[in-house]
Amino acid sequence: MDRRKALALAAGLSALPALAAAADAEPKAKGGGSSYLPIQTLAATVTRSDGRRGVLTLDVGLDIPDAKLRREAELVVPRLRAGLAQVLQTYAGGISPTTPPNADFVARELQREADRVLGRPGARLLLGTMLIN
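All residue numbers refer to position in the chain's written sequence, counted from 1. In keeping with the predicted nature of the model, local features appear solely for residues at pLDDT of at least 70, side-chain atom pairs appear and are counted solely at 80 or more, and the whole-chain, interface and lining totals rest on all residues. Calculated side-chain values reflect all of the structure's heavy atoms, with hydrogen atoms and water omitted.

Engineer: How do you make sense of the pairing of strand 1 (residues 36-47) when you look at a structure like this?
Structural biologist: Every other side chain in a regular strand lies on the same face of the sheet, so the side chains alternate between the two faces. The criterion for strand pairing is that DSSP finds at least two bridges linking the strands in question. Secondary structure elements follow DSSP: runs of H or I of four or more residues count as helices, runs of E of two or more count as strands, with numbering from the N terminus. Bridge count for strand 1 against strand 2 (residues 53-63) is 10 bridges, and the pairing is antiparallel. Bridging across to strand 2, T47 finds its partner in R53. Hairpin connection of strand 1 to strand 2: 5 residues between the antiparallel strands, including G51 at a positive phi of 90 degrees.

Engineer: Please clarify how the pairing of strand 2 should be interpreted in this entry.
Structural biologist: Bridge count between strand 2 and strand 3 (residues 124-132): 7 bridges; the pairing is antiparallel. Looking at strand 3, one finds that T57 is bridged to L131.

Engineer: I would appreciate a short explanation of the packing of aromatic side chains in the present structure.
Structural biologist: Each aromatic ring pair is summarised here by two numbers: the centre-to-centre distance and the angle between the ring planes. Only rings of Phe, Tyr and Trp enter the pairing, Trp through its six-membered ring, and a pair is recorded when the two centres are within 6.5 Å. The plane angle decides the type: under 30 degrees is stacked, over 60 is edge-to-face, the rest tilted. Taken as a whole and assessed by the stated rule, the structure comprises 1 aromatic pair. Ring geometry for Y91 and F105: centres 5.6 Å apart, planes at 40 degrees, overall tilted. On the criterion of sequence distance, the pair formed by Y91 in helix 3 (residues 77-94) and F105 in helix 4 (residues 103-118) is long-range, its members being 14 residues apart. Taking relative accessible area as the criterion, Y91 reaches 15% and is therefore assigned buried. Here the term buried applies to any residue with accessible area under 20% of the maximum for its type, exposed to any over 50%, and partly exposed to those in between, with areas from a 1.4 Å probe on protein chains only.

Note that all results are geometric; they support no functional claim without further evidence.
Below is the structure:
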C-alpha cells in the first residue's frame, strides 16, 4: 500500500470519533434565550465635538415571544437591519456634536421601524451598548 494513502486513511479514521461526538452534541444555545433575535451591530457616522468624524455604534436585539412572528422576523433580518440602520443614520446626521445621543428617542424610533418592517407589533426592541468613537 502507498504510504500516503495509508496516512490519509489513518488520519480519516482518527477523526471519526470527534465527528461523531460533534454530531451527538446538543446545538449551542444563543445568548438571550429562545425568544431573542440578535441583530448585527448598527453603525452611523456622526460629527464629534472636535469637528472630526466619528462613528455611533449600537447593539440591538429583538425579544419576540410569539413563535410565528419570530420565524417571520428571522426571514427578514436583512430588511430589519437595513431599516434600523437607516433610522440610526438619519438620527445621527441630525444630532449636535456637543450633545450625547438620546437613547430613549433612538429606542422609540427603532421600535417603530421594527414594527413597520414586521407588519405588526409584538417584537420588543432591546438596546445594548451605545458608543461614539
